[in-house]
Amino acid sequence: MKHEIHFVLNGEEQTVSVEPNLTLLELLRDTLGVTSPKRSCEQGECGACTVILDGKAVNSCLVLAVTIEGKAVETVDGLGDEGLHPLQKHFAELSAAQCGYCTPGMIMAAKALIDNNPDPSYEEVKEGLSGNMCRCTGYVKPVKAVLAAAEELRGSVSATSRED
Amino acid sequence: MRDFEYLAPQSVDEALKVLKERGSTATVMAGGTDVLVWMNRREISPECVVYLGGLDELRYIREESDVLRIGALTTQAELASSALLQEKATALAVAARNCAGPVVRNLATIGGNLGTATPAGDLILAVAALDGTVTVRGPKGERRLRLDELLVGPQKTSLVPEDLIIEVTIPLPVGKTGSGFQKLGKRKAMTISTASAAASVVLSDDGATFEKVIVALGSLGATVIHSTAFESALQGRPATLEEIEKWRHLAGGDACPSPRARRASAWYRCEVAAVLAARAVEDALAIATGQDLTAQRAAKKKRGKGVAGAIYSMSPPGFPNPCAVNMQMREDGSVVLQIGIVEMGQGSTTVLTQMAAEALAVPYEQVTVYTADTGTMPYDFGTVSSRGTFVGGNAILKAAAQIKEVLYDAASATLGADRENFVLEAGFVVDKYDPERRMPIGEAARFAHFALKKLPIGTAYYYPKSSAPGENMQGETIAAFYYHATVAEVEVDVETGVVEVSRLYAAVDCGKAINPAGVEGQVEGGAMQAVGWALREDGHPGLVDSEGPPENYNPDFMPVDLESYAIATSMDLPEIQAAFVEVHDPEGPFGAKAAGEISANSGAPAVFNAIHDAVGVRVYDMPASPEKILWALQQKAQAEQAPAGR
């Protein structure tokens, strides 16, 4: 039996009918055509499908679509009001993506991390990314990119507060 | 996943009613991190799923007089970050932080962990050590269960389908107390424990003696095991690290229940059970007394450094290795390149674009590379053997030379100078003897197309020297050699055999680095692969070593998923320091060679050499898993104790 659900995807309200056995990952990719969350292990091990659900990074393969009624989902597609979000910018500038399969999930895990902890240490960034497997980079450049993005965001926040 | 009926009660009462109606046809789902995986794999296909996410009344951590109450839907992330738990139930906070990874921890719940009842459950172990009880509500009302009443076997509880786990209650003893949690898995995050231990202590008022000690072992039996021998040996004894050391053998070795060989041999799991049990009690004691264990723990680690070098050749001798390209300059000066070198993240398209742009003196943005379609691409041998930059670049240079000839014809016809005078420079065809005499490359291309009726097209085929080796393997058999070196520093835990790479330096001789950031990425990624092979990636179970620890190469070790095939997480690597050495290669395009496969080559021997430097043992087959190291250390110790002359 289909259930009608209402939720917010990257700031836009959505109403869709879903079968109970549809995962959030399948809803995003197959129903809504949002393919940035990647389908990989479907066991909660790789992190490639990571999205932000009500402010928290989760594996979208481990969430039933029917359970997100009333919630807000963010994917990498929703980042950056004008141009690239600092995370995207620094991932690109530092060549932090190689094959790129883990990148959208890793950026969302990183965003949840710095949203909750704007000034993370090197070790905290490593822990924050530890649910997102990457086979290409050795995590060196992704960790640097997250630290650089956090620094830039702190700068822009303090600049704004100075103006106020 | 098969279809099912979905029910989402919004209160505990409603949930109990639903469970009563549906009985055994229903499966309860909290965070879903286990249930959904089983359903995805079709290990279970419930008729009805009762989702508990709406039961907000079960999300809490609070202190009430002498107990901590934790609602069943509290997530691992909430447990890990709770200041209250960190202070008063440290083992549980630490256990939560050791569960899976940060993304999964936002979903998984303590009630789910208890209901799943896996013997490796980190939270279960901590609750056991903290003497916690579980409140369950069902058809016969509410009852409180000790863990040994709740957990009756692997993935088995005493609950009936109508029951709901409501709360975990942890007593808060007064006085000098503390608790600790220790886990050992294949890596630091996203890992199921090979062995684990949790402990709590209550000291006498003066802090001098152990009044009560609880030691729980995980992953070793059908459910949580209490190391009663170790517990009772410590009770009443002086509360010191020396006492813990003296009696810890009672928690492991022969005293250990015989676990299955899973994730490591039964021998190893029992060996480290004692170590982890002791460390968990030490952690608990340290909290109770305010001791600092940093120096004590550091003394159990030996450091060593290792270096290794590697040489690698572009394809084997005599191997056919050609690459063909079609390259065309369009009327606006933009360039289209067709080439069979496939981009898979190594950065080949970037490098090929750079080289085409450089060869034709046009901006990077004006070159488009088309690849990865065998139906339309010119012949290429394959994106293998670290050959893309070398053969692709050389083919591009040959094709570019043909295009240049046409552009020089066009410039000569338009500008009047001898065609041999012209060169390409920053978007222009320029007379090198009279630089004022110049025209934009796009104009020259257009003139060639429409006035000269010559197309600026290059079709080239590059076949590197790779003749079959002659007598004694001599001859010009290899087009290019690559060189690589790694320096590794490791810390070896002499009690567990766990090796951690604390510093890693890797350098490659890649010839000219066409894309320096890409080379760095290859070196860093290669180093990660090498450390993985060196320490934890078990490829297959076939290499039986009769001298190894018993049951070592059990078929259960065969990797079946990303948990058992444990590539490193971000927590398992140091910040890799990558470098490249640009030794110009006369045969290479712009002097370039390669940085791909070679970058994975010297890391593992460097780590193995560092292990030898640290603890004096050598392991000869990869990976140098903790059990192989520990076995080798014990063999070495026995040999050193043996009487001379034998």
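Residues numbered from 1 in each chain as written. Chains lettered and ligands numbered in written order. Predicted model: local features only at pLDDT ≥ 70, side-chain atom pairs only at ≥ 80, totals over all residues.

**A look at the sheet that holds strand 1 (residues 3-9) of chain A**
Residues and elements named next belong to chain A. Note the cut-off: Following DSSP output, two strands are said to pair if at least two bridges run between them. Strands here mean DSSP runs of E at least two residues long; helices mean DSSP runs of H or I at least four residues long; both are numbered from the N terminus. Note on definitions: angles span 0 to 180 degrees between N-to-C directions of axes, and those axes are lines fitted to C-alpha atoms, for helices only across the stretch in contact. This entry defines residue contacts through backbone-placed C-beta atoms, with two residues in contact when those atoms are within 7 Å.
The five strands are arranged 2-1-5-3-4 in an open sheet whose pairing can be described as mixed. On the outer flanks of this sheet lie strand 2 (12-18) and strand 4 (56-59), each paired with one strand and no other. Strand-to-strand twist across the sheet, computed as the mean angle between neighbouring axes with direction ignored, equals 40°. Here strand 3 (residues 50-53) pairs with strand 4 via four bridges, running antiparallel. Directly across from L53, in strand 4, lies its bridge partner K56. The strands that helix 3 (residues 103-116) touches are strand 3, strand 4 and strand 5 (72-74); relative to strand 3, the one it contacts most, it runs at about 35°.

**What to know about the packing of helix 17 (residues 516-535) of chain B against helix 18 (residues 603-615) of chain B**
Residue and element names in this part refer to chain B. Quick note on the threshold: Reported orientations rely on four angle classes, namely roughly parallel under 35 degrees, roughly antiparallel over 145, roughly perpendicular from 65 to 115, and oblique for the rest. Left-handed describes a crossing whose near helix is turned anticlockwise from the far helix through less than a right angle; right-handed describes the clockwise counterpart. Gly is put with the polar residues, along with every residue not named as nonpolar or charged; the nonpolar set is Ala, Val, Leu, Ile, Met, Phe, Trp, Tyr, Cys and Pro, and the charged set is Asp, Glu, Lys and Arg.
Where helix 17 contacts helix 18, the axes come no closer than 7 Å and their chain directions differ by 50°. The angle between the axes of helix 17 and helix 18 places the two elements in the oblique class. Crossing of helix 17 over helix 18 shows right-handed handedness. Here G526, A527, A530, V531, W533, A534 and L535 of helix 17 lie close against helix 18, whose contacting residues are G603, A604, V607 and F608. Here the residues of the contact of helix 17 with helix 18 sort into nine nonpolar, two polar and no charged.

**Looking at the interface of chain A and chain B**
The interface is formed by 41 residues belonging to chain A together with 42 residues belonging to chain B. At the level of secondary structure, the elements contributing two or more residues to the side of chain A that touches chain B comprise strand 4, helix 4 (122-128) and helix 5 (140-163) of chain A. Sorting elements by how many residues they give to the side of chain A that touches chain B places strand 4 of chain A first, with four residues. Residues that form the side of chain A that touches chain B fall into these classes: 17 nonpolar, 16 polar and eight charged.

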